[in-house]
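Listed below, chain by chain, are the residues.
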Amino acid sequence: MAAPPAVRAGWSGVRPRQMKWLLVAPLFIFFVVFFVIPVGLMLATSFNPSAIGPPSLTFELTVDNYIRFFGRSNFLQAAGRSMLLATVVSFITLIIAYPMAFAIAKTRHPGRNTFLLILVLAAMQLDMVIRLYGLMVILGDNGLINQLLMGLGLISSPAPLMYNLLGVVLGLVQFSLPFMILTLVGVIRGIDPSLEEAARSLGASWWRAFFRVTFPISIPGVLAGSLLVFALSISSYIVPALMGGFRVGVLPIHIYQQVAEGARFQFGATVAVVLFLLSATAIVIYTRIGARRSGGLA
Amino acid sequence: MGRTLPPIILVLAVLGFCYMLLPILVVVMAGLTAGEILTFPPQGLSFRWVAAFLQSDTYLSAFFFSFRLALMTMIVSTILGTAAALFLSRSNFIGRQAMRSFFLSPVVLPGVVVGFSLYAFFIATGMGISRTIWGLWIGHILYSTPYVIGTVGAALASFDVSLEEAARSLGASPIRAFRKVTLPSISQGVQAGSIFAFIVSFGQFEVSLFLSAPNSEPLPIAMYNSMRYKFQPDAAAAGIFAIILVTASVLLTNRLVNIRRLLER
């Protein structure tokens with residue numbers, strides 16, 4: 001078991017404090033090279049004159065791309081639409097997720113509680129493309145809902161449930177639900193039940209105790225979850241692409257079109273910087289709220 | 001449960017679970033239907049689409065491409081993430097929290113933007129990996145490592161450092177103390193983290209979008225490309241295999257670590 005003396009001497013020559021840095025150095029270097037530098041280059045590219053073709057960074061700096069972005073109504077509208085969509089989705093997700101999180105948090109039976117959490121985690125980890133396949137089979141013109149409604153004679157032609165804004169909202173809510181639930185479960189479980197019991201024993205109804213005691217205490221978690229969902233849904237490409245059928249122009253779609261279809265790297269980078277800033281702002285506020293209860297995974 | 005919960009909360013919660021899980025159930029049904037498309041009521045059970053998937057060049061090769069990519073990602077993410085989590089739990093330098101947030105940030109930043117910036121970076125630097133499995137590998141490591149850091153960090157939070165210090169004071173080298181004392185007690189957290197890394201890579205779409213080539217695509221991209229035009233039940237059959245893989249992984253994670261504690265930390 002004895003290590004070769006040279007190695008031993010080498011290790012004992014390094015002080016433990018310095019050795020700790022060796023643990024983090026590989027990942028740190030990886031992140032700097034493949035995350036910070038590429039994103040930095042993208043930022044720089046967005047200030048280069050617009051051109052068609054592969055990117056070649058120049059020292060010619062201009063804000064033309066940003067003038068174009070903020071001067072053209074279709075890009076500005078796309079930014080507005082993205083933000084509005086993400087806001088609406090956060091709100092709807094919150095309303096659907098709160099009762100779910102509440103029921104999970106109040107399930108004391110450990111087995112049942114773990115089972116419910118496994119369902120949420122499995123849904124969250126499952127590839128979004130597969131979940132959208134199922135949603136599209138449900139919502140399509142020949143989908144299950146339209147078949148059912150037309151079979152019952154309630155409608156004569158298929159109701160447009162997707163390839164429009166409604167479809168994108170339904171898809172983004174499906175995407176965001178697990179993240180919101182996991183954030184809220186932690187917060188709700190952290191609330192001391194004796195507070196609610198005290199309110200009840202003083203004669204408050206369940207609903208009054210909920211709206212006056214439990215819900216107000218959970219508001220930081222509600223805000224954190226909403227910001228997280230905002231950041232996740234404003235960034236999604238796959239949901240607007242499939243559920244909107246490219247008819248709902250949001251920022252991620254524009255980035256892909258500019259770069260992959262038009263080879264306009266500089267302008268694509270500009271749209272990407274705008275999206276990056278919008279999402280990062282939400283995340284910074286989210287972190288500031290002190291969402292430590294949401295867990296390291298959210 | 002439920003003694004104190006009003007019935008309406010329970011009804012809403014059940015409806016919410018239906019909304020969350022119904023699409024997944026529908027994929028399973030669509031992959032096992034006997035008809036050409038899934039109808040309501042279903043036309044009966046058959047394995048014809050599963051067989052079609054197992055013979056399809058596109059989906060089967062995409063499935064194995066994703067599997068290989070996820071394994072490669074898992075190995076690197078587990079090593080880099082575990083080492084970083086050790087540093088974050090041991091060090092008391094001032095920027096530690098900021099560094100942790102930095103490492104976790106890819107999870108919540110737009111994948112399309114990060115994928116695009118990597119794609120442009122690979123082209124601009126002439127690395128020649130812009131649309132290869134190596135470029136995808138790098139992108140996936142960025143998105144999988146945060147999950148390892150989160151999971152291993154949770155395991156380390158409940159580990160008593162004084163045990164390792166005791167081994168050191170008895171003359172064990174730092175590496176020996178780590179291998180014999182620390183690693184055995186966090187190994188389940190490390191395994192759970194590596195499963196997360198695998199699954200996150202296996203289901204990754206947004207980062208892969210700019211980085212994958214038409215002939216060698218991960219499964220989510222291959223499914224997306226076919227779904228843009230029409231619904232093929234063999235795509236749903238491919239989905240069934242992915243659903244089985246994810247469910248098995250989550251169940252395995254639950255055996256390794258306490259999911260409740262992990263998620264509510």
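Counting of residues starts from 1 at the beginning of each chain's written sequence and follows it residue by residue. Starting at A for chains and at 1 for ligands, labels are handed out in the order in which the entities are written. At least 70 in pLDDT is required for a residue's local features to be given in this predicted model, at least 80 for side-chain atom pairs to be given and counted, and no such filter applies to totals for whole chains, interfaces and linings, which use all residues.

Section: the overall build of chain B
Alright, step 1. Assigned secondary structure in chain B consists of 12 helices and 0 strands.
Alright, step 2. Once the C-alpha set of chain B is aligned to its principal axes, its extents read approximately 70 × 65 × 30 Å.
Alright, step 3. Burial in this document is a count-based property: other C-beta atoms within 10 Å of a residue's C-beta are tallied, and the residue is buried at 20 or more, exposed at 12 or fewer, or partly exposed in between, with C-beta positions derived from the backbone. Within chain B, the proportion of its 265 residues that are buried is 50%.
Alright, step 4. Two residues form a contact once the distance between their C-beta atoms, set from the backbone, is within 7 Å. Partitioning the intrachain contacts of chain B with sequence separation of at least 6 by distance along the chain shows that 75% fall at a separation of at least 24. A run of DSSP states H or I qualifies as a helix once it reaches four residues; a run of E qualifies as a strand once it reaches two. Both are numbered from the N-terminal end.

Looking at the overall build of chain A
Alright, step 1. Per the secondary structure count, chain A includes 13 helices and 0 strands.
Alright, step 2. Counting from the amino terminus, chain A carries its helices and strands in the arrangement α-α-α-α-α-α-α-α-α-α-α-α-α.
Alright, step 3. This radius of gyration counts C-alpha atoms alone. The globule rule is 2.2 Å times how many residues there are, raised to the power 0.38. Computed over C-alpha atoms, the radius of gyration of chain A comes to 25 Å, more than 25% over the 19 Å expected from 2.2 N^0.38 for 298 residues, which places it beyond the range of a compact globule.

Focus on the packing of helix 5 (residues 110-125) of chain A against helix 8 (residues 165-190) of chain A
All names here are of chain A.
Alright, step 1. In this description, a line fitted to the C-alpha atoms serves as the axis of each element, helices being fitted only across the stretch in contact, and the angle between N-to-C directions of two axes falls anywhere from 0 to 180 degrees. Interaxial distance between helix 5 and helix 8 falls to 8 Å at its minimum, and their mutual angle equals 140°. Classified by the interaxial angle, the pair formed by helix 5 and helix 8 is oblique. For the crossing formed where helix 5 meets helix 8, the hand is left-handed. Packed against helix 5, whose contacting residues are Val120, Ala123 and Met124, the element helix 8 presents Pro178, Phe179, Ile181 and Leu182 at the interface.
Alright, step 2. Of the residues contributing to the contact of helix 5 with helix 8, the split by class is 7 nonpolar, no polar and no charged. To sort the angles, those under 35 degrees are grouped as roughly parallel, those over 145 as roughly antiparallel, those from 65 to 115 as roughly perpendicular, and the leftovers as oblique. For a crossing to be left-handed, the near helix must be turned anticlockwise from the far one by less than a right angle; the clockwise case is right-handed. Only Asp, Glu, Lys and Arg are considered charged in this grouping, and only Ala, Val, Leu, Ile, Met, Phe, Trp, Tyr, Cys and Pro are considered nonpolar; every other residue, Gly among them, is considered polar.

Some remarks on the domain arrangement of chain B
A common way to state how big an interface is: give the accessible area lost once the parts meet.
All names here are of chain B.
Alright, step 1. The split into domains, and so the bounds of each, comes from an automatic or database assignment of domains. When cut into domains, chain B gives domain 1 (10-46) and domain 2 (57-263).
Alright, step 2. Between the C-alpha centres of domain 1 and domain 2 the distance comes to 30 Å.
Alright, step 3. Facing the 7 residues of domain 1 at the interface are 7 residues of domain 2.
Alright, step 4. Residues of the side of domain 1 that touches domain 2, tallied by class, amount to 5 nonpolar, 2 polar and no charged.

Here we look at the interface of chain B and chain A
Alright, step 1. The interface of chain B with chain A comprises 85 residues on the first partner and 89 residues on the second.
Alright, step 2. With 15 residues, helix 1 (residues 7-32) of chain B is the single largest residue contributor to the side of chain B that touches chain A.
Alright, step 3. The class makeup of the residues in the side of chain B that touches chain A is 65 nonpolar, 15 polar and 5 charged.

Considerations on the packing of helix 10 (residues 219-227) of chain B against helix 11 (residues 233-256) of chain B
Residues and elements named next belong to chain B.
Alright, step 1. Axis separation between helix 10 and helix 11 bottoms out at 11 Å; the angle between their running directions is 155°. On the basis of their axis angle, the class for helix 10 and helix 11 is roughly antiparallel. Seen along the crossing, helix 10 lies across helix 11 with a hand that is left-handed. Side by side, helix 10 and helix 11 meet where Leu219, Met223, Ser226 and Met227 of the first sit next to Ala235, Ala238 and Ala242 of the second.
Alright, step 2. Of the residues contributing to the contact of helix 10 with helix 11, the split by class is 6 nonpolar, 1 polar and no charged.

Focus on unusual backbone geometry
All names here are of chain A.
Alright, step 1. With a phi angle near 65°, Phe246 is a residue other than glycine that sits in the positive phi range.
Alright, step 2. By the secondary structure assignment, Phe246 is in the loop between helix 11 (238-243) and helix 12 (251-261).
Alright, step 3. The phi dihedral of Ala263 is positive, around 50°, even though this residue is not glycine.
Alright, step 4. For Ala263, the location among the structural elements is in the loop between helix 12 and helix 13 (265-288).
Alright, step 5. Residue class for Ala263 comes out partly exposed when judged on the 13 C-beta atoms lying within 10 Å of it.

What to know about the confidence of the model for chain A
Alright, step 1. Within chain A, residue pLDDT values average 87, and 91% of them lie at 70 or more.
Alright, step 2. Taken together, the stretch residues 293-298 of chain A has pLDDT below 50 and engages in 27 contacts with residues farther than four places along the chain or on a different chain. pLDDT gives the predictor's per-residue confidence on a scale running from 0 to 100.

Describing the environment of Pro42(B)
Residue and element names in this part refer to chain B.
Alright, step 1. Along the chain, Pro42 turns up in the loop between helix 1 and helix 2 (48-55).
Alright, step 2. Spatially, the C-alpha atom of Pro42 lies 9.6 Å from that of Leu32, the residues being 10 residues apart in sequence.
Alright, step 3. In this view, Pro42 contacts Met29 and Thr33; residues no more than four positions away in its chain are not counted.

Comments concerning the environment of Val284(A)
Residue and element names in this part refer to chain A.
Alright, step 1. Tracing the chain through its elements places Val284 in helix 13.
Alright, step 2. For Val284, a count of 14 C-beta atoms within 10 Å puts it in the partly exposed group.
Alright, step 3. A C-alpha to C-alpha distance of 27 Å links Val284 and Ala105, two positions 179 residues apart in sequence.

Some thoughts on the confidence of the model for chain B
Alright, step 1. Scored by pLDDT, chain B comes out at a mean of 89, with 97% of its residues at no less than 70.
Alright, step 2. Interface confidence for the predicted complex, given as ipTM, is 0.90, next to a pTM of 0.90.

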